[in-house]
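Observations on the three-dimensional arrangement
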Amino acid sequence: MSSVLYDAQGPRAKRRNILYTALFVVALAAVGWWVYDSLSSKGQLDWIKWEPFFTSSQPYTTYIWPGLQNTLIAASLSLVIALPLGAIFGIARLSDHAWVRGIAGTLVEFFRAIPVLILMLFANQAYSDFTDVSSEVRPLYAVVTGLVLYNASVLAEIVRAGILALPRGQTDAAKAIGMRKGQTMTYVLLPQSVTAMLPAIVSQMVVIVKDTALGGAMLSFSELLSSVRPMSANYGANTIASFTIVAVIFVALNFALTTAASWLERKLRRGKKSTGAVVHASPGGGLETVDSEAATADHDRTG
């Protein structure tokens, strides 16, 4: 049976695909066995290496929790600053004024093109040379600065793309009822584009959480991943066990973020289906927003 996308497989193609699948499974099993044998021969799978994480709370309270706290602090600060900054630059790139578009576009393209690690290193050196920020908190400042500069530029492009993806008729309709450009952006374009932008914004949130590990690798920032080295040294070089526990925590944290964002996206979509807003001219000559369901009920009562 053929379709638009592909032709139906013949007997020879089916046999060939079965053979390829079998070879892939065998190769995957061989690689898995080699990894298992290598780790087992070096004692990394011995219970004594994993026991501290299942029988004691000390690894979590002494190493993991402080690192997780710093990761959450850096990621939260970066997100809180980068989101509005990215929205501002994204809207500025759509400005009618060429000089505003030029400045915003230059900044966005510049910081988007530089690796976030280099931004962190530059920020750390700048704080060291030109400010009196203490060396204890300087890594946090540098990590947050690098994450904000890079992710704000990426979020600016997400915002710009989300607004441009809306039908042109939305802007034309807003102009037809007398809305200014600021009102059109605030009440018409941004609310509708948020739902479309949410998956990309969540992906960037996950990137922010993971990129905090760069500060631990290069700036001695005490985040979650950097807790592996002292923890492994204290518990008999259980490197694989420590990395595995930290990886599971990262996966759980990012999964919680995506789950919460998916719930919010579904709620926003349901809200848009159940109700809407209608903009009417107020008696004073301005504009007022009236809930469509309430307006319909008033119309039914009056006639």
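Note that the coordinates shown come from a computational prediction; the quantities given were computed from them, not determined experimentally.

Let us now look at the nonpolar core. Ranked by size, the top nonpolar core spans 46 residues in total, and within it Ile64, Val143, Leu224 and Met231 carry the most contacts. Counting residues per element, the ones that place at least two in this core are α2 (47-55), α3 (58-92), α5 (116-130), α6 (138-164), α8 (181-218), α9 (228-234) and α10 (239-274). Considering each element in turn, this core owes the most residues, 11 residues, to α6. Sequence-distant contacts of Met231, defined by excluding residues within four places in its chain, comprise Phe53, Pro59, Tyr63, Ile64, Asn238, Ser242 and Val246.

Moving on, we come to the confidence of the model for the protein chain. Summary statistics for the protein chain give a mean pLDDT of 84 and a share of 87% for residues scoring 70 or more. In this model residues 274-297 is a low-confidence stretch, pLDDT under 50, and it forms 32 contacts with partners more than four residues away in sequence or in other chains. Per-residue pLDDT stays below 50 along residues 299-303; that stretch engages in 0 contacts with residues further than four places along the chain or on separate chains.

Our next topic: unusual backbone geometry. Excluding glycine, most residues fall at negative phi; most peptide bonds, likewise, are trans. The backbone of Ser220 shows a phi angle near 60°, a positive value even though the residue is not glycine. Topologically, Ser220 is positioned in the loop between α8 and α9. On the basis of relative accessibility, which here comes to 64%, the residue Ser220 falls in the exposed class. The phi dihedral of Ala237 falls on the positive side, at around 55°, and the residue is not glycine. Mapped onto the elements, Ala237 comes out in the loop between α9 and α10. On the basis of relative accessibility, which here comes to 40%, the residue Ala237 falls in the partly exposed class.

Let us now look at helix α1 (residues 11-41). Every α-helical turn comprises 3.6 residues, leaving residues that sit three or four positions apart pointing alike. With 31 residues, α1 ought to run about 45 Å at 1.5 Å a step, and its terminal C-alpha atoms sit 45 Å apart, in line with that. Backbone geometry just after α1 places Gly43 at a positive phi near 80°.

A few words on α2. Of the residues making up α2, those classed as buried are Lys49, Trp50, Pro52 and Phe53. Projected onto a plane normal to the axis of α2, the buried residues spread over an arc of 140° and lie on a single side. Residues of α2 that are exposed and point over 90 degrees away from its buried face: Trp47, Ile48, Phe54 and Thr55.

The next subject is the pattern of salt bridges. Summed over the entire model, instances satisfying the criterion amount to 4 salt bridges. In this structure, Glu109 and Arg93 form a salt bridge, with 3.2 Å as the shortest nitrogen-oxygen distance. Taken as a pair, Glu109 in helix α4 (residues 98-113) and Arg93 in the loop between α3 and α4 lie far apart in primary sequence, 16 residues in all. Judged by its relative accessible area of 35%, Glu109 falls in the partly exposed class. Here Glu109 makes a salt bridge to Arg112, at a shortest N to O gap of 3.0 Å. Separated by 3 residues within a single helix, Glu109 and Arg112 lie in helix α4, roughly one turn from each other. You can call Arg112 partly exposed: its relative accessible area is 34%.

Turning our eyes to something else, we now look at the packing of helix α7 (residues 168-176) against α8. Here α7 crosses α8 at 155°, and the two axes come no closer than 10 Å. The pairing of α7 with α8 is recorded here as roughly antiparallel in orientation. Here the hand of the crossing between α7 and α8 comes out right-handed. Where α7 approaches α8, its residues Gln170, Thr171 and Ala174 are matched on the opposing element by Thr184, Val188, Leu189 and Gln192. Tallied by class, the residues present in the contact of α7 with α8 amount to 3 nonpolar, 4 polar and no charged.

Rules used in this analysis
Residues numbered from 1 in each chain as written. Predicted model: local features only at pLDDT ≥ 70, side-chain atom pairs only at ≥ 80, totals over all residues. Heavy atoms only, no water. Core = buried A, V, L, I, M, F, W, Y, C linked by side-chain atoms within 4.5 Å. Buried < 20%, exposed > 50% of the residue type's maximum accessible area, 1.4 Å probe, protein only. Helix = DSSP H or I, 4+ residues; strand = E, 2+ residues; numbered from the N terminus. Contact = heavy atoms within 4.5 Å. pLDDT = per-residue confidence, 0-100. Expected span 1.5 Å × (residues − 1). Arc of directions from axis to C-beta. Salt bridge = Lys/Arg side-chain N within 4 Å of Asp/Glu carboxyl O. Axes fitted to C-alpha atoms, helices over the stretch in contact; angles between N-to-C directions. Parallel < 35°, antiparallel > 145°, perpendicular 65-115°, else oblique. Left-handed = near helix turned anticlockwise from the far one by under 90°. Nonpolar A, V, L, I, M, F, W, Y, C, P; charged D, E, K, R; others polar.

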